[in-house]
Structure formats: structure tokens, C-alpha cells
Amino acid sequence: METQQECACDKLVREEERHVKANARDYNESFSYADNHIKTSKYNVLTFLPINLFEQFQRVANAYFLLLLILQLIPGISSLSWFTTIVPLVLVLVITAVKDATDDFFRYKSDQQVNNRQSQVLISGSLQNEKWMKIRVGDIIKLENNQFVAADILLLSSSEPYGLCYIETAELDGETNLKVRQALTITSDFGDISKLMDFDGEVICEPPNNKLDKFTGTLHLRDSKHPLDNENLLLRGCVLRNTEWCFGMVIFAGLQTKLMQNCGRTTFKRTSIDKLMNTLVLWIFAFLICMGVVLAIGNTLWESWTDRNFQVFLPWDDFQSSAVFSGFLTFWSYIIILNTVMPISLYVSVEVLRLGHSYFINWDQRMYHSQTNTAAEARTTTLNEELGQVEYVFSDKTGTLTQNIMVFKKCSINGQTYGDVYDEFKQKMEITEKTDCVDFSFNPLYDRGFKFYDGRLVEAIKLEDPAEQDFFRLLALCHTVMPEEKSEGHLVYQAQSPDEGALVTAARNFGFVFRTRTPETITLCELGRAVTYQLLAILDFNNVRKRMSVIVRNPQGQIKLYSKGADTIIFDLLDPSNEDLMYTTSEHLNGFAGEGLRTLALAYKDLDEDYFEVWMKKFISASTVIENREDQLAVLYEEIEQGLKLLGATAIEDKLQDGVPETIASLALADIKIWVLTGDKLETAMNIGYSCHMLRDDMNEVFVISGHTLLEVQQQLRSAKEQILGLSRVSSAGHVEKAEMFADGSVYEETIIAEYALVINGHSLAHAMEPQLEHVLLDLACLCKTVICCRVTPMQKAQVVELVKGHKRAVTLAIGDGANDVSMIKTAHIGVGISGQEGMQAVLASDYSFAQFRYLRRLLLVHGRWSYFRMCNFLWYFFYKNFAFTLVHFWYGFFCGFSAQTVYDQWFITLFNIVYTSLPVLAMGLFDQDVSDQNSLHYPSLYKPGQSKTSSSTNDGSYISDQQVFAVTIATSLVIVVNVQIGLDTHYWTVVNHFFVWGSLIVYFAILFAMQSDGMFGIFTSSFPFVGTARNCLSEKSVWLVILLTSVVCVVPGMAVSFLRVELFPTLTDKGPQEQSLRRVRRTSSHRSAYAFSHQQGYGELITSGKNMKMSTASSTGSPGRTPQSSTWIENMLKRKNAVSGVSDEITGAPAKTD
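Residues numbered from 1 in each chain as written. Predicted model: local features only at pLDDT ≥ 70, side-chain atom pairs only at ≥ 80, totals over all residues. Heavy atoms only, no water.

Going by an unreviewed UniProt entry, the protein chain carries the name Phospholipid-transporting ATPase and comes from Dissostichus eleginoides. Reading the Sequence similarities (unreviewed entry) entry of the UniProt record for the protein chain gives the comment "Belongs to the cation transport ATPase (P-type) (TC 3.A.3) family. Type IV subfamily." (UniProt positions renumbered as here; feature names shortened; annotations may be inferred.)

In C-alpha cells, the structure reads:
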């Protein structure tokens, strides 16, 4: 799989048209095409230092401290040593540089891992192993089964008949269904080296772009031209499946591949706290300037009025002729002295807190997934507090909300439902892991992973009930699944959709095992007996028919038509005699749909031999016409499918991950809006929306935007917005002409009481994202409770996130599990990767990762909320203690003649932030919590203050013969006040908090007496001048009285304000949150048949043509009883272009995915 990559293709020359010649490196290199080397790291050995320093000094605080350092180097104005600033500044720069270098080194290693992968390249007449990064455009490479495609290549030939190959595109679009690609007929026999060496074709095609589903080009070979499209191209990131080998020619390499074109840029993510701190630095610097100006003016006035009075005992070394110049120098001296109002240790402390919060996430056992041995991981340390401010969550569907597993849950057969379990009192029981499963051991070919709990159905099968047998016989015959028997009894199904795989697997377990197929036959093992049916026709599925049928001849010579599809379609085709059964089955379908299951109706018809022969002649004739072929075939399909007899219905669960509905409900109560962005089909996405309770039947309206033109989309958006707002006039640009009662968009959102949902597909979204409509789309989406965007490309996902991120002042979070989610993960403020079925691409690009969607609830409501709460309290207290420390110098300036003299001992200044007050505030920032994690989850509304950027903090308190005694008294009062204040503000006491708070006081007094002792003075006379001061002054009762009164005066106002705030303006935490219920809604709507509506265009034509069969199989197992008409039909089909859309993954292997 690819590692996270960064699109740097804009650095390359723009192309109008690409010319690529096979086996001609010199020719291709003349165009300066990108090579296959990938680079996502930012630095190298030479550029690291200048680039990193440049990035770091973009942080306002670093530039601020650099300026202070320069000022301290000027002797005339500095009263503090320069090392007091340079040491912490260098420390911060080094710590940050090491962290950046480490992160970049991991990116470099990831790049190297991909670049050094091996691939077989045709060089000088032989296949040689070559590193991916050395592959060039025009090279011919060989891929083997289960290998990743190294670049975007043109398929030339393969081990399969007709040049077919199967690929899995999970890294591109999230779909694990196997898709079919086919080589051109003219190159499909290039299976040996000599032919490939002689191949000199030239491809002229479109320039590099990010369109995953489109490719246009022409192959020029032997004076002929051959059109190329997406069906001939294998894209980088795909995996070759169920194909021994294939050869291809590189068309796009490296950063110009479609995968790389869809990767969003890796941007530096900064939190709102970071931005706030930058703003605070500017404001504090302005405040610092103001204090410096006031004190400089004071110095100027002092020098002008009273300076000469002190020259008798304070003679000047150098006479100052100008009081103004003295004030100017004093200004800069005070800027240096008062700089502690914004100490650089703040940034170190913030990084320590973020690191600690990250470890708390990593250590959280309640976010550990034991089945996969996966713990939650904070992959960044800079975004933790941002988790407490999220307003929009953008989620992938398959693999993120769902488990990517389809399960046959229930069915209705001949008016009888199966799938529920009842006790001896005929009461329905809840199915749990402890519920006994049905024993399928009577069937030696059963799938051991299949579970069903209603034993009545097995008993009915064993009694050979004809309705139940016909039901499962239909499921075993009416499909386009390809079987593969790897060993005796070990069957693997390659299904076009996961639903088909689940249905065929269900039939297999109930005794109707699909064993083999040829273009003309289907062989089942029915309750242990091998039965071969002659396949006469496949009436394939498409989005208009919403059903598929097969016509077979059984061993008794009877011709049967079996059909399955959307109940609304099948019911219209039923014989009138089935009316009662139809109503009963419809009631069952309503119940299935109410549980969020994907439903399907099944029916059959006995065909008369003569009627079928006449119909077959019409069918063969319609299959060979050039114009309106599809329309003529549709009419014939409709004709033969009339008068069906209903068998029943199936109900399949697109299994949600555990806890998804509860998580979504909790986040909704926290006012977090969830948008689903999926590559899946509209109806499938809607069905999951109902299963997750994001869509409900009690919603006022679900708007579906599906216009194909800009005008249609504009009209649909305008109409929906008008309906919500209840206004009669909408301007041509889609902007509502607001009534006076509506002041702005936010008022709209607050005014809307009814609940609406918006569903929009990919091609409509492309029009809606146009500049003239994007604001209308955003306004409408924000008015809706639920938004689902389906059939969207990876780049469209990122564009939707960017739209909300750019126009709404809100924190966004994107969560996904596949490579197709990488763009939106990188674009959002916070990216979360699910480490699931899709490999590690999303995880590598994410900021946080875990194994299940349900852990998002704890990540946001507990860790996010705590991180935001702790960081806000930490910042408030940090500024409190430093303002208290610094403003003493300001007030002291009025008593020392504005001489820029420091009131504290130099060592106290040095140790105040490092030793005396650092640990208590760190303990508060790491461990404090206003409510427990259980209450945070139980009351999601507690999360809301973070979204509004508010925090439950209190207001600042106030502050407070011999200069040395005065300094010790003030310093002692200050340390006591700030530690008592943090004790009062701590909500949750731990042993660490007690140790740090009270330990800091003990350490202060220990250091104070040690540094002012006779011994230290004797050793370092000049460095410790305060000899004996602490011992003398702290033995006086009056000093302790001053300290006590000062502490009380400083603390009591803050306590009073806190008390009044709680009484007059209580927060949700203060009031005690109101009970919130997670509403569970049972659906009872007619929203059914999501399978039939979401199923893809079928590939029945491919099966009946035999192109996907091995040659030996097709020739050896043909049916001699095949009618001449059928053979002619097969021949005609062989002539038609293969328009296959895809084959799904192994049912017993990795689960299929349609996202």
C-alpha cells in the first residue's frame, strides 16, 4: 500500500498531451516526465537548519524572545545577564527541532520503504528486479498475483483469457470488490518476452489528472489506432488479484499518478490555542510597552524634579545631561526586567502538557481493541486541546461506520418469517453472542463462518418443503458469482457485490451449494446431490431495471425463470393470484427495513418451451442491432418477466461496527454535526444512514440532490432551502432574500426547529461546489441535521471539508480507514485513521488512530474535553502567577525612583518559574478534571463550552527598613499566594498534585535558606549577597503577619468572585448537567431494497461469453444439450465489447467493501 504522499505535481511542467513510446527511455526522457520516486519529507541534511529555524521564528513568541536577547546584549540598558534569555530560547529551539527532525525522519523512512519496493522491469531483453523509484515512463513491467501496481500502467496482456485481469482498488476508492480490466485484443497475446521486446507502440493520451474513473488515449501500433479508456488502465495503489501475472506499460509515474494527484497537501496543523497564544503574545507585548512607557515617563519626571537631591550619597558615574535620554534608556531596561510577564517556559510547559495528554490517550485501556490488539495512538502532540472544540465530523462509511461485512440475517418464505429466536412462551428473544447457532454439520460444504439462529428453517429444508427449497435454489442460481474451489470442499466466491456473496453463501449453508459454472451451465450440490442446470440466458441488472433474472433448464427439462430485485419492482411484475402473499411479504419487508436491513424480493416463473423459443429468437435479433439495442432488450426483458410467482424476501445486514448508533447519538447531543462522505452508492449510503439513526422516518424531509446539470442542481438547492426557511422568494444566485426577522445565517440555524437531512451525489456535488453555488450548498447543509455525500471522489471529500473549514469558524475532524480518505484527513483540522481492513494508509496520514469508530466518542467527550479544560486552566493560572510576579517590579518602580532596579534576588528571578511554581501548574494541567470520564460520557452537553471557546475559569486576584528583607517578604508571599491559588482552583486532587503543590513550598524554603546561608556567601560572595536575610527576617512575627495579610488580600477577592460567578452565572458543570437520553428510533418505513437499488451494472454478458472462464474449463464442461439458438446468442455476445464493471473480493477472505 502507499504511504501518505504529497502532491507536488504543480512543480512539473504542465502538459497538454502525453506521448509515451514503449521500450524507448531516451525518447520518453526528452519530455522530462516525472520518475517514480516519491518524496514527502520536508528536509535534508543541508536544508534542515535554515528551514526549521525559519519555521520556528514564524512563531511570534520566538521572535519576541530573540528581540529581548538582542536588547540584553546592550550593556547600557540591561540589568539582567544575557544568558537568562538565550539558554531557555536555545532549549526551546532545540527541543522543537529534534521533534521536527524525528517526525520528518519517519516520513523519510516511509518514503524509502515505498521507493525501494521491487518490481520486474523488461530491460535489455530480460526481466530484471528494479526498485520502484527507478521505474520510468514507457517501461514494460511484470506484475504477479497480490502485488501492488507500481505506477499507472496500460495493461498489455495477462495470464487470463482475452487479456483479462482482476484488481482491487481499495487504496483508491475504498472498494474491495474485485474489478475487471482488459487488455486490447491486439496486445492480449503479448505473453512472451520476445513479443514484448518488439513492441514499439506509442500512446498519446491525456495529461496527468486526478480523475480515477476516466482515462482517454490512443495506442498507435502498426499503422493502426486503438482507442484506450479506463478499462485498459491499472492505477498505482491497486492490487492484482486472482491473476497469475500481467504485463503493462508505464503511462504515469510517481507524483503524476492518479493516486498521487488525489493526495492532499500535508499542511502544518495549528490549534486555536496556538493562535490564541500568538495573539496573547502580541497583546502582552503591547501591555509591556505600555508599562515601559509609564515607567520611562516616571523616570524622566524623576530625573527632572528630584534627581539632584540624591547625588550627595548616590553620585553619578557619568553625568546625564538629558532627562529624556535617561527615560529612553530606562524604557528598554524595564522592557528587559518586565519580560517575565510572558516567559518562554510557557511554550515548554505547553509542549509537556500536550505530550502528557497524548500519553493518556495511548494508555487508555477503554480505547484498546483486544480482537485486533490495537491501542489508540496519538500520532501528534499538538492537537489534543483541539479535540475539545470539534463542531463538524466528516466520516467515511464502509470500514468506518460499518464492519465491511454483509450478513444474511432474516428471510420471508411463502408468508413465513425466519431469523428470530423465540422462548418457550413464544416471546422473541434478543440474539447475543451466547445464543446457540444453527448446526449446519449435516452439510459437508457449509461455510463455518456463517451464523444463523432460527432452527425452524433448517428443519423445513430437511423436510424438503418445496417453497423453502425453491427459495434457496433461486439464490444459488440467480447471480453472477464466480466460484473457485482451491481444495476439495474449500469454496471461495468472487462476487460482484458483497450482497450477492452473502446470499450465495446463505444458500450454500442451507444445502444448495453453488459449485461450478461454465458459459452454458450452472452446477449445484442440492442437499448432497449434484445437479446441473443449463443456463439459457441472463437478464442482467442495471440501474433502471433494479432486478436480475436467469433462465435455466433443469434436469427434468423444465424451463424456469428466477428473478430477484427491489420489492417495488418485483411486486409490479407478480401474477394477480399472488396478491395475498404479496401483502404478507410486504409487512415482513417493513419489519426488516425498520431494523435497517437491506431487503430483496424473490420470484420465479415456469416458461413454456414454445413461448421461450419465440422469445429467444427476438432476443437474439435485438442483441445484434446497432441502434437502441439496450431499449429493445429492456422491452424483451419486461415481456418475459411478467406474471411472476412470489417466493419471498431476504434481509441482509450491512453490519455496523459496535456502538456506532450510540456514538452518533452522543455526539449529536454534544452539538457535533456528522457528515458522511462516501464513495458508495446513494441508496446504500442512505440505508446505512437509517441504520445509524442519522436518517429517521420522523424527519420532516430528506432532500436528495441528484441533478446532472448546474441549472438542475441550482434549482434543487434553491427549492430545498426555500422549503426549510418557508420563504417564497429566492434570488437567482440561490441566496435567500431574507425576511426582516432573519438577520444572518446563524439565526436561520437557530430558528429551524424541524429536522431535515440532505443527501447529494458526486456529480451533483461537482456542480454545487462551483463558486456561485458553494455558499448555497453550505447554507442548506448547515440547516440540515444530517448530511450524506455519496459517490464522491477522494478529492471531493477534501473539497467539502475545505468548504466548511474555510467558511465556518469551526473545528473540523475527518475520520476514515482507507487511502481514499487521506485527502480529507489531511485537510481537516484533526484527522483520525481507523486501523481496519484497508491497510495503514489512513492511519499514516492521521493525527490520531484507533480500531473502532465508537472510540471517537471517548476521544472527544473525555480526552478532548479534559485537554481543553486543562489547557485553559493552565494558561489562566500561568498568566496569573507571572503577572503577579512581574507587576511587583512595576509597583516597586514607584518606590525606587524608576531606576529599573529589581526587587527580587537574582536567583529567585531565575528559579521562580523553573522550580518554585512550575510543577504545581504542570500537575494541574496534566491531572485536573472537573467531572469524571463517566459523567463526561453520560452528559454530552458538557462538551459544548469548548465549541464556543469558553472555559470555566475564575478571575485574577490582587497582589502586595531593608530592601533585602522587603525582597524576601515579597518573594515568600508570592510563592505562597500562587500555590494556594492553584490549590483552590484544582478540581481533582491526586497524589502528584499534593506532592507538587506542597513540595514546591518546601523546596522554596529549603533553597531560600541554603542560598542565603553563611556558607554560600563565603564560597560565592558576589553571587549570593543576601547573606542571613531569610534567617533574620522570617524569625520576626511582624514579617509573617505581613505575609499572612498579603496572602489573604490576594486570595480572598478571587474566592469571592468565584463564589459569585457560580451563584449568578453557573456553567453546565456548576449546575450539574441535565439527564440526556440517547434516542433510539425504530424505523417503520417503506425505505427498502437498498441492495437492488445500489447494485451495480451486472456482468452476466461476461459470464455467458466465457471470457472470464479458463480455456480448459470452458471447453471441457460445455453442455451438449445446448440449443442452437443459445449457441448463436453466445457467439453474438463474444463479438460485443466487454462492459464489465467489477468482481468482488473473496467472500471467505477480506470482506468486500463498497466505499
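Read on for the rest.
Caption draft 1: Just the overall build of the protein chain, in detail. When helices and strands are tallied, the protein chain shows 41 helices and 35 strands. Among the 1155 residues that make up the protein chain, the fraction classed as buried is 57%. When the accessible surface of the protein chain is summed, it comes to about 48100 Å², and 57% of that surface belongs to carbon and sulfur atoms. (Helix = DSSP H or I, 4+ residues; strand = E, 2+ residues; numbered from the N terminus. Buried < 20%, exposed > 50% of the residue type's maximum accessible area, 1.4 Å probe, protein only. Areas by Shrake-Rupley, 256 points an atom, 1.4 Å probe, with all protein chains shown as cover.)

Caption draft 2: Representation of the environment of Glu609 within the structure. In this structure, Glu609 sits in helix α16 (residues 609-624). In this structure, the C-alpha to C-alpha distance between Glu609 and Gly557, residues 52 residues apart in sequence, is 9.4 Å. For Glu609, the residues in contact, after removing those within four places along its chain, are Arg553, Gly557 and Ile559. Here the side chain of Glu609 touches Arg553 through a polar contact of 2.9 Å, side chain to side chain. (Contact = heavy atoms within 4.5 Å. Polar contact = N/O pair within 3.5 Å; in protein donor to acceptor, adjacent residues only side chain to side chain.)

Caption draft 3: How the structure looks around helix α13 (residues 498-509). With 12 residues, α13 extends 17 Å between its outermost C-alpha atoms, agreeing within 8% with the 16 Å of an ideal straight helix rising 1.5 Å per residue. Here α13 lies mainly inside the structure; 12 of its 12 residues are buried. If you check which residues of α13 are buried, you get Pro498, Asp499, Glu500, Gly501, Ala502, Leu503, Val504, Thr505, Ala506, Ala507, Arg508 and Asn509. In the stretch just after α13, Gly511 is the one whose phi turns positive, near 100°. (Expected span 1.5 Å × (residues − 1).)

Caption draft 4: Structural view of a nonpolar patch on the surface. Residues Leu1041, Leu1044, Leu1045, Val1048 and Val1052 make up a contiguous nonpolar surface patch of about 440 Å² in total accessible area. In this fold, Val1048 is placed in helix α36 (residues 1037-1064). (Patch = residues over 30% accessible without salt bridge, like charges linked within 9 Å, V, L, I, M, F, W, Y side chains within 5 Å. Salt bridge = Lys/Arg side-chain N within 4 Å of Asp/Glu carboxyl O.)

Caption draft 5: Focus on the sheet that holds strand β3 (residues 126-131). The 6 strands lie next to each other as β3-β2-β4-β13-β5-β11, forming an open sheet whose pairing is antiparallel. Of all strands in the sheet, those with a lone pairing partner are β3 and β11 (233-234), marking the two edges. Pairing geometry for strand β2 (residues 118-123) and strand β4 (residues 140-144), over 2 bridges, is antiparallel. Paired with Gln120 across the bridge in β4 is Lys142. (Pairing = 2+ DSSP bridges.)

Caption draft 6: Region of interest: the packing of helix α3 (residues 60-72) against helix α9 (residues 323-337). Contact pair α3 / α9: the axes reach a minimum separation of 10 Å and the direction vectors enclose 130°. Taken as axis vectors, α3 and α9 run oblique relative to one another. The hand of the α3/α9 crossing is left-handed. Residues Leu68, Leu71 and Gln72 of α3 form the contact with α9, whose participating residues are Trp332, Ile335 and Ile336. In terms of residue class, the contact of α3 with α9 is made up of 5 nonpolar, 1 polar and no charged. (Axes fitted to C-alpha atoms, helices over the stretch in contact; angles between N-to-C directions. Parallel < 35°, antiparallel > 145°, perpendicular 65-115°, else oblique. Left-handed = near helix turned anticlockwise from the far one by under 90°. Nonpolar A, V, L, I, M, F, W, Y, C, P; charged D, E, K, R; others polar.)

Caption draft 7: Looking closely at the pattern of salt bridges. Counted under the stated rule, the structure contains 27 salt bridges. For Arg181, the salt bridge identified is with Glu231, shortest N-O distance 3.7 Å. Here the residue Arg181 occupies a position in strand β7 (residues 178-182), and Glu231 occupies one in the loop between β10 (224-228) and β11, the gap between them amounting to 50 residues. We classify Arg181 as buried; its relative accessible area is 9%. Close ionic contact of Arg858 with Asp933 constitutes a salt bridge, the shortest N to O distance being 2.9 Å. Of this pair, Arg858 sits in helix α27 (residues 855-893) while Asp933 is found in helix α30 (residues 933-938), placing the two residues 75 residues apart along the sequence.

Caption draft 8: Quick peek at the pairing of strand β8 (residues 202-205). Sheet topology note: the strand β1 (residues 18-21)/β8 ladder contains 4 bridges and is antiparallel. By the bridge assignment for β8, Lys21 is matched with Glu202. Where β8 meets strand β9 (residues 217-221), 4 bridges bridge the pair, whose relative direction is antiparallel. Paired with Cys205 across the strands is Gly217, a residue of β9.

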